[in-house]
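Listed below are the residues making up each chain.
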Amino acid sequence: MSLAPAERVSRGTFNLLPVYIGTFCVLWSFAFVAGKVGVMDCPPLLLLAGRFLTAGLLILGFTAVRGEAWSLSWRDIGVFAILGLANNALYLGFAYIGLQSVSAGLGGLIVSANPVFTALLAALFLGEALTWRKLAGLFLGVVGVAFIVAHRLSAGTDSLHGILFTLVSLASIVTGTILFKRLAPKGNLWIGNGIQNLAAGILLAPVALSVSSLGDIVPSARLIGAFAFLVLGGSILAFLLWFHLLRVCGATAASSFHFLMPPLAMLFAWLVLGEQVVAQDFLGILPVVLGIYLVTRPGSKTNPPQQTEARI
């Protein structure tokens, strides 16, 4: 099956790709902190169902107001609905349940293993090259993440129950990444993201209402702030950037940026939640950064990488 083609950049065009990558990493990593804040005052599945439904209605409503043409086929609509199940309902559903008993920093650490499994599955199902350089980079990333995880687990502040839920959420986002590249939906990513959020909200709402009650929600300023960030920064902008990076960078290279999430998530968790961060945590950052460089470094001159237009 063919993948969505990338567009070339003219030589004089300013490359916005690094800006998109940096923005995505900040939004994605801070979402762990916002999620941790949100589940303090709201059952996790209710928080997510409301988030997805609000984001989906905002995106599609804004599209309708602007009078944009519906550029998706029925196949593309179905693909984005499936991605909503994997990338939203399952991934974040399990992650938010895990956040009730694990720290935001550790949640970010576990999900940052995304590039390892994505690279392996991309080689099997997408035909992406898995060179020794990429393997070395992925290995270094795993070593750095594992070092930080082992140290934080030794402190005994996180539960095995929550870790298991977070591992299932990791499997869901890896599956969603491969499905996006494999099924290659065409058309407007903005509308596709709206369909994905709306489908996830519709699927998750009955489940959320069956296991929790609206009376369990504790209205607060921090809940409103967390919800607003999760809708606008997480469900809308971060996922739009993520799909764009998948198209222009490839599944392996795009997923490797998740190795930046552990230090960023720990930094934000320390600043906002006061979670403990010690020197041993930062020792794992060095192999992580080197691993990202090896996975994403341009190839040899005989095989120059395609330049793509960083445009949404």
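Quick caveat, the model's predicted, so the values are computed rather than measured.

Report on the pattern of salt bridges, specifying residues and quantitative values.
Counted under the stated rule, the structure contains two salt bridges. Aspartate 41 serves as the salt-bridge partner of arginine 222, at 2.6 Å between the closest nitrogen and oxygen. In this pair, arginine 222 sits in helix H9 (residues 221–249) while aspartate 41 sits in helix H1 (residues 17–41), placing the two residues 181 residues apart along the sequence. On the basis of relative accessibility, which here comes to 43%, the residue arginine 222 falls in the partly exposed class.

Go over the nonpolar core, please, and point to the residues and values.
Within the largest apolar cluster, 72 residues are counted, with the highest numbers of intra-cluster contacts made by Phe24, Trp28, Phe80, Tyr96, Trp242 and Phe243. Examining the composition of this core, we find that twelve residues originate from one element, H1, more than from any other. Apart from the residues within four sequence positions on either side, phenylalanine 80 is in contact with Leu72, Phe180, Pro185, Lys186, Leu189, Gly192, Ile195, Gln196 and Phe243.

Which residues make up helix H4 (residues 104–111), and what values go with them?
At 3.6 residues per turn, the α-helix brings residues three or four places apart onto the same side. Among the eight residues of H4, eight are classified as buried, and the element is accordingly described as predominantly covered. Those residues of H4 lying buried are Ala104, Gly105, Leu106, Gly107, Gly108, Leu109, Ile110 and Val111.

Kindly report on the packing of helix H3 (residues 74–98) against helix H7 (residues 160–183), identifying the contributing residues and their values.
Two elements in contact, H3 and H7, have axes whose closest approach is 7 Å; the angle formed by their N-to-C orientations is 165 degrees. Of the possible angle classes, the one that applies to H3 and H7 is roughly antiparallel. By crossing handedness, the relation of H3 to H7 is classed as left-handed. Along the lines of polarity and charge, the residues of the contact of H3 with H7 split into 16 nonpolar, eight polar and one charged.

Criteria and thresholds
Residues numbered from 1 in each chain as written. Predicted model: local features only at pLDDT ≥ 70, side-chain atom pairs only at ≥ 80, totals over all residues. Heavy atoms only, no water. Salt bridge = Lys/Arg side-chain N within 4 Å of Asp/Glu carboxyl O. Helix = DSSP H or I, 4+ residues; strand = E, 2+ residues; numbered from the N terminus. Buried < 20%, exposed > 50% of the residue type's maximum accessible area, 1.4 Å probe, protein only. Core = buried A, V, L, I, M, F, W, Y, C linked by side-chain atoms within 4.5 Å. Contact = heavy atoms within 4.5 Å. Axes fitted to C-alpha atoms, helices over the stretch in contact; angles between N-to-C directions. Parallel < 35°, antiparallel > 145°, perpendicular 65-115°, else oblique. Left-handed = near helix turned anticlockwise from the far one by under 90°. Nonpolar A, V, L, I, M, F, W, Y, C, P; charged D, E, K, R; others polar.

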